[in-house]
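Overview (structure and organization)
One-letter residues, chain by chain:
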Amino acid sequence: MSGLPDQVLDLLGLRPSRVVALKDVPLGNGNWLVETAAGQRFVLRRYHAWTTREDLAYEHAVLGYLADIGWVVPAAVGEPVFWQDCWYCLTEYVPGEVVAAEDASQRGRRGRDLARLHLALRGLDERIGQRPGWRAQHAALTVRTANDWEECVRGLASVSPRLASWAQAAATQAHDSLAAIGAADLPVMVVHGDFAEWNVHYEDGRLAGVIDFGLTHVDTRPYELAIARTYRAPQVIDAYRVELAAGGWPLSELEEAAMGPVYRAFRVGMAAAEMEDGRITGSYDLAMIERQLSRTGTILPTGSGITDPANANAAPSA
């Protein structure tokens, strides 16, 4: 069973010969491979429950722009439809496979491909602006404007005062670190939002396409490197720097200085996302929140009642 409601296929006017579930997260994103009788392949995507029409239009604008200049991305095929509180849209199929366990050379390849993507996206922010309901990571504690930090902390405090105290301390330190380097002057651009290895497809050793632009918005290049998990893959950053310089758009001194502070702010933002989910659903993933806070570089406040986690005050490797 594909798990895809027949009503959605009817709304899209589809009569596929085969439908295969690729991913189906309740209240989250879902993807189904759709094959037509003629042998064409598409991916039908369900967007998470809080996606708005404006939010979706922005993502599709970025995808459409890239597709028009030759990038292989899951651009929309037709208009999206709305069914049972979720948006669905047929998108282009992106061939190739992810490299789940990259070696050093493959990490460098991904860094070069990220630089190429950034060079392709350069200046797009001046045309389409910020994604509705979003903001840059260095501008606030969360990238989603709907996430109220104080409400998140109060909600977490009701189930774990020690984690709430740690979260507030981490937020204060992240804010102060960004202010100290003058992060307000960081240049911004449209970023992919999750250029990790699981969203980059390769075929015969070459880039085949890039998927999942669900977090695309206007932010900084240091933020993109943080959310691409380059802290554990320094070869990505090294190759990224070289390719950018070759393309005439090297990282500035301020961007280099912002790597650590933006990374730690990103981890606070990841904790905030978990806190917001807990506040809404009433079920907190305390282990995940603690994991994110342990990577912020903030030591657990005195009197919290637990031992400092390993490497809590270590600087990220990237």
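Since the structure is predicted, the reported quantities are computational estimates derived from the model, not experimental observations. (Residues numbered from 1 in each chain as written. Predicted model: local features only at pLDDT ≥ 70, side-chain atom pairs only at ≥ 80, totals over all residues. Heavy atoms only, no water.)

**Quick notes on the overall build of the protein**
For clarity, the threshold we go by: Elements are defined by DSSP. Helices are runs of H or I of four residues or more, strands are runs of E of two residues or more, and each kind is numbered from the N terminus. Only protein chains enter the accessibility calculation, which uses a 1.4 Å probe; a residue is then buried when its area is under 20% of its type maximum, exposed when over 50%, and partly exposed in between. The contact criterion used throughout is that any non-hydrogen atoms of two residues lie within 4.5 Å. Here the Shrake-Rupley method, with its probe set to 1.4 Å, supplies the accessible areas, and only the displayed protein chains count as covering residues.
The helix and strand tally for the protein stands at 10 helices and nine strands. Principal-axis analysis of the C-alpha atoms places the extent of the protein at approximately 65 × 50 × 35 Å. Scored against the burial criterion, the 318 residues of the protein give a buried share of 49%. A fraction of 66% describes how many contacts in the protein between residues 6 or more apart in sequence connect residues 24 or more apart. A total accessible area of about 14400 Å² is found for the protein, and carbon and sulfur atoms account for 51% of it.

**Details of the packing of aromatic side chains**
This is how it is decided: Here is the rule: rings of Phe, Tyr and Trp (six-membered ring for Trp) pair when centre to centre is within 6.5 Å. Planes less than 30 degrees apart are stacked, more than 60 are edge-to-face, and the remainder are tilted. Placement of a charge over a ring requires the Lys NZ or Arg CZ to be within 6 Å of the ring centre, with the centre-to-atom vector within 35 degrees of the ring normal.
Taken as a whole and judged by the stated rule, the model has five aromatic pairs. Seen in terms of ring centroids, Tyr-231 and Tyr-263 are 5.2 Å apart; in terms of plane orientation they differ by 55°. Their pairing is tilted. Here Tyr-231, found in the loop between helix H7 (221-227) and helix H8 (234-246), pairs with Tyr-263, found in helix H9 (residues 253-281); they are 32 residues apart in sequence, far enough to count as distant. By relative accessible area, Tyr-263 is classed as buried at 5%. An aromatic cluster is present here, built from Tyr-223, Tyr-231, Tyr-263 and Phe-266 joined pairwise through their rings. The ring of Tyr-93 has Arg-41 lying over it, and the distance from NZ or CZ to the ring centre is 5.3 Å. Lying across the ring of Trp-87, Arg-53 places its NZ or CZ 5.4 Å from the centre.

That's the geometry; what it means functionally is another story.
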